[in-house]
Amino acid sequence: IIVAAGDSVTVEIITTTNTEGGQLANIPWTVTLDTGDIYLVQAQNSGDDLTGSRIRSLNSNQTYAVYNGHTWAWTFCSGNKDPLYEVAYPSKSLGKEYVLIPSVGRLIDLFRVVARDNNTDVYVDGNWVANINTGQYYEDTISKPTLVIGSKPVSVAQYLVTGQCDGAPVGDPSIVIINSNEQMYLDTVTFFAIREYAIDSNYVNIVIRAADTATVL
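Residues numbered from 1 in each chain as written. Predicted model: local features only at pLDDT ≥ 70, side-chain atom pairs only at ≥ 80, totals over all residues. Heavy atoms only, no water.

## As for the overall build of the chain
Move 1: Along its length, the chain carries 1 helix and 14 strands.
Move 2: Radius of gyration (C-alpha) of the chain: 18 Å, near the 17 Å computed for a compact globule of 217 residues.
Move 3: Counting all 217 residues of the chain, 31% fall into the buried class.
Move 4: If you sum the accessible surface of the chain, you get close to 13300 Å²; carbon and sulfur atoms cover 51% of it.
Move 5: Of the side chains in the chain, 12 bear a positive and 23 a negative charge, and the two mean positions are spaced by 6 Å. (Helix = DSSP H or I, 4+ residues; strand = E, 2+ residues; numbered from the N terminus. Rg over C-alpha atoms; globule rule 2.2 N^0.38 Å. Buried < 20%, exposed > 50% of the residue type's maximum accessible area, 1.4 Å probe, protein only. Areas by Shrake-Rupley, 256 points an atom, 1.4 Å probe, with all protein chains shown as cover. Lys, Arg positive; Asp, Glu negative; His and termini not counted. Charge placed at Lys NZ, Arg CZ, Asp CG, Glu CD.)

## What to know about the sheet that holds strand β4 (residues 38-39)
Move 1: Ordered by their spatial adjacency, 4 strands build an open sheet running β4-β1-β6-β7, and the pairing between neighbours is antiparallel. The outermost strands of the open sheet, each flanked by one partner alone, are β4 and β7 (82-87).
Move 2: When strand β1 (residues 2-3) meets β4, the two strands line up antiparallel, connected through 2 bridges. In the sheet register, I2 faces β4, and the bridge partner there is Y39. (Pairing = 2+ DSSP bridges.)

## A look at the sheet that holds strand β3 (residues 29-33)
Move 1: Spatial strand order, β3-β2-β5: 3 strands in an open sheet with antiparallel pairing. Each edge of the open sheet is held by one strand with a lone partner, namely β3 and β5 (54-57). This sheet shows a mean twist of 25° between the axes of neighbouring strands, independent of strand direction.
Move 2: As defined by bridge partners, strand β2 (residues 9-14) adjoins β3 across 5 bridges and the pair is classed as antiparallel. The residue of β3 that forms the bridge with E12 is T30. (Axes fitted to C-alpha atoms, helices over the stretch in contact; angles between N-to-C directions.)

## Regarding the pairing of strand β10 (residues 120-124)
Move 1: On β10, burial follows the alternation: T120, V122 and V124 on one face are buried, whereas D121 and Y123 on the facing-out side are not.
Move 2: The pairing of β10 with strand β11 (residues 127-132) spans 5 bridges and is antiparallel. Residue T120 lies in a different strand from β11, and its bridge partner there is I132.
Move 3: Hairpin connection between β10 and β11: a loop of 2 residues separates the two successive antiparallel strands, and D125 in this loop has a positive phi of roughly 50°.
Move 4: Across 3 bridges, β10 lies against strand β13 (residues 146-160) in antiparallel orientation. Bridging across to β13, V124 finds its partner in V148.

Dropping the structure here:
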């Protein structure tokens, strides 16, 4: 989903798979959006994956927002499904180091590392696990705090797996795009927690530099 939040913007789109609108994989096309316009790009088939698709403004002064997601997805194994949507960070804001924290009450979480540049080595807790090129990804699970490092900037997403996957009594699929350690400079963070049908608890994971732990209120 591309949103023209400010002035009109013309973007170039290159997808990794054919789209519902008839655009072919790896063939660039452009679209111009006026203020407030929303443009949806959807994979042609339910099993296709748009991970690694590229979107760029043809004018560096024009800005826009992008949301990744899926209309109705399970994660890691079949079972409960939910809509999954998250903001995509600009490529220039990506970092090389990410700390992943397991979700409370779950046995495993899923994570995905996407390369911004070719010839990117991926390390998990100091161990080399993959070499990936632009738009390619490495995927695995965690069950403990984990450090992910790319030799070049990468994007990292963490997922709550479908509840039936790990035997946990609760939990539906969910996604969060992780901030890199290089972006760890905020003093305050505002977030929204919902309490609706069948949601009886909310949790927050806080990652902070050791020297700043006393500042958490």
